[in-house]
Amino acid sequence: MKPKVILTHRVHPEVIELLAEHCEVVPNPGPETLPLDEILQRAKDAEAIMTFMPDRVDEAFLRACPRLRVVGCALKGYDNYDVEACTRHGVWITNVPDLLTIPTAELTIGLLIGLTRNVLPGDRFVRSGRFNGWRPVLYGSGLTGKTLGIIGMGAVGQAIAQRLVGYEMRVLYTDPVALPKEKEAQWGLDRVELPELLAASDFVVPMVPYRDQTLHMIDGDALARMKTGAYLINTCRGSVVDEQAVVEALASGRLAGYAADVFEMEEWARPDRPQAIPQALLDDSERTLFTPHIGSAVDAVRLEIELEAARNILQALRGEIPQGAINRPQVRMSA
């Protein structure tokens, strides 16, 4: 019999075709996350499961799915997943670390421009029927001559910096590890400490992973250190920013605008996560710009992410070490 593979979310048809050559595939054709009890019912006799950001795999999940051999995560960040528990149960857990960088960087710059140039209020104004030609309204902030600060110069931070070359901006960054001097010169970067970055930047872009030490890295104190009238753009992890502190900074005028693709209520691994985006943020449609976690939502990119997760699954089922294994080499190899 073919091994059984569960897909917790909708994927491209090509992914199902690839898996179906070797596996019995149980797809989720709808756009919504399946309830946990439904996932467990489907996966209780499965050898593999392809998971996505809203999913969580822990000790209880693994005990309920004793035949599981591989969890193929179609994502980069995996703090929703208990890697040690997977290792103890002899289950490979894999991710796709390198495919989200460019689309996330592109969206970050898109949100920066959209927020600072009042694109959404302008769209609403045109659609209202009140637009009768040019008027001196909706003056925003251009990028040329301004300073942008990137907190965390990993792959996405570097992709943002690289794409800002030519905008005639000053770009600061803070990171425990300095970039090579030639790269700093090529991209026009200055490495500074966090307090200086916050005080000097017109636009602040956190680009760090979610960890205990980055929880609410941008809190009320950090916002108070920023320039009055600065903008904050968050496309890394929701809990890096204290959303309630952002509400207060917007209300006081300290912060000119906030754009985000990620939100605290999405932090599934955080037991005290808020259950909703603060209503005050949602109501402030003039100074905020939000997208529904679409950092990697480029069709070709999502297809490749899903295909890579599927390849990891097939490698594990063949008894090989999956290319994207997170918990190598501790997991026992079994065909």
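Just so it is clear, the structure is predicted and the values come from calculations on it, not from any experiment.

Caption draft 1: How the structure looks around the packing of helix α5 (residues 101-116) against helix α7 (residues 155-164). Running from N to C, α5 and α7 point in directions that differ by 55 degrees, and their axes come no closer than 8 Å. Comparing their axes, α7 and α5 come out oblique. Like other packed secondary-structure pairs, α5 and α7 cross with a definite hand, here right-handed. Judged by residue contacts, Thr101, Ile102, Thr104, Ala105, Glu106, Thr108 and Ile109 of α5 engage Ala155, Val156, Ala159, Ile160, Arg163 and Leu164 from α7. When the residues that make up the contact of α5 with α7 are grouped by side-chain class, the tally is 8 nonpolar, 3 polar and 2 charged.

Caption draft 2: View of unusual backbone geometry. A positive phi angle is found at Asn118, which is not glycine, with a value near 55 degrees. Mapped onto the fold, Asn118 is located in the loop between α5 and α6 (119-127). Here Asn118 falls in the buried class, since its relative accessible area comes to 15%. Even without glycine at this site, Glu168 takes up a positive phi of about 55 degrees. Position of Glu168 among the secondary structure elements: in the loop between α7 and β7 (170-174). On the basis of relative accessible area, Glu168 is assigned to the exposed category, the value being 61%.

Caption draft 3: Just the sheet that holds strand β11 (residues 255-260), in detail. Judged by pairing direction, the sheet is parallel, and its 7 strands sit side by side in the order β8-β7-β6-β9-β10-β11-β12 without closing on themselves. Looking at the sheet topology across the chains shown, the edges are occupied by β8 (189-191) and β12 (288-290). Here the average twist between neighbouring strands, direction ignored, is 20 degrees. Sheet topology places strand β6 (residues 147-151) next to β7; 5 bridges connect them, and they run parallel. Following the sheet pairing, Leu148 is matched in β7 by Val171. In the packing of helix α11 (residues 243-252) onto the sheet, the strands contacted are β10 (230-234), β11 and β12, and the crossing angle to β11 comes to about 145 degrees.

Caption draft 4: Structural detail: the side chain of Arg273. Its location among the elements puts Arg273 in the loop between β11 and α12 (279-283). Look at Arg273: it is buried, it has no salt bridge, and the nearest opposite charge is Asp272 at 8.4 Å. Contact partners of Arg273, with chain neighbours within four places excluded, come to Glu264, Met265, Glu267 and Trp268.

Caption draft 5: Broad picture of the environment of Tyr78. With respect to the helices, strands and loops of the structure, Tyr78 is situated in the loop between β4 (70-73) and α4 (83-88). Here Tyr78 falls in the partly exposed class, since its relative accessible area comes to 32%. For Tyr78 and Met226, which are 148 residues apart along the polypeptide, the C-alpha to C-alpha distance reads 31 Å. If near-sequence neighbours (up to four positions away) are discounted, Tyr78 is found in contact with Val83, Asn95 and Ile326.

Caption draft 6: Focus on the sheet that holds strand β2 (residues 24-26). Pairing is parallel in the open sheet, where 5 strands are placed in the order β2-β1-β3-β4-β5. The two strands at the open ends of the sheet, each matched to only one other strand, are β2 and β5 (92-94). The mean angle between the axes of side-by-side strands here comes to 15 degrees, regardless of whether they run parallel or antiparallel. Pairing of strand β1 (residues 4-7) with strand β3 (residues 48-51) involves 3 bridges; the strand directions are parallel. Note that in β3 the partner of Leu7 across the bridge is Met50.

Caption draft 7: How the structure looks around the pairing of β10. Across the 5 residues that make up β10, a large majority, 5, are buried. Both strand β9 (residues 203-206) and β10 contribute to a ladder of 2 bridges, which runs parallel. In the sheet register, Phe203 faces β10, and the bridge partner there is Tyr231. Across 5 bridges, the pairing between β10 and β11 is parallel.

Caption draft 8: Examining the packing of helix α1 (residues 13-20) against helix α13 (residues 299-317) more closely. Between α1 and α13, whose axes approach to 9 Å, the crossing angle comes to 15 degrees. Relative to α13, α1 is oriented roughly parallel. Where α1 crosses over α13, the handedness of that crossing is right-handed. Between α1, through Glu14, Val15, Leu18 and Leu19, and α13, the contact on the second element is made entirely by Leu303, Glu306, Leu307, Ala310, Arg311, Ile313 and Leu314. Across the contact of α1 with α13, the residue classes break down as 8 nonpolar, no polar and 3 charged.

Caption draft 9: Representation of the side chain of Thr94 within the structure. Turning to its location among the elements, Thr94 is positioned in strand β5. Not counting residues up to four positions away in its chain, the partners in contact with Thr94 are Val70, Val71, Gly72, Cys73, Asn312, Pro322, Gly324, Ala325 and Ile326.

Caption draft 10: Inspection of helix α2 (residues 36-43) at higher detail. Every buried residue of α2 is accounted for by Ile39, Arg42 and Ala43. Buried positions in α2, seen along its axis, are confined to an arc of 90 degrees and lie on one side of it. Looking at the buried side of α2, the elements it contacts are β1, β2, β3 and α3 (59-64).

Cut-off values and rules
- Residues numbered from 1 in each chain as written.
- Predicted model: local features only at pLDDT ≥ 70, side-chain atom pairs only at ≥ 80, totals over all residues.
- Heavy atoms only, no water.
- Axes fitted to C-alpha atoms, helices over the stretch in contact; angles between N-to-C directions.
- Helix = DSSP H or I, 4+ residues; strand = E, 2+ residues; numbered from the N terminus.
- Parallel < 35°, antiparallel > 145°, perpendicular 65-115°, else oblique.
- Left-handed = near helix turned anticlockwise from the far one by under 90°.
- Contact = heavy atoms within 4.5 Å.
- Nonpolar A, V, L, I, M, F, W, Y, C, P; charged D, E, K, R; others polar.
- Buried < 20%, exposed > 50% of the residue type's maximum accessible area, 1.4 Å probe, protein only.
- Pairing = 2+ DSSP bridges.
- Lys, Arg positive; Asp, Glu negative; His and termini not counted.
- Salt bridge = Lys/Arg side-chain N within 4 Å of Asp/Glu carboxyl O.
- Arc of directions from axis to C-beta.

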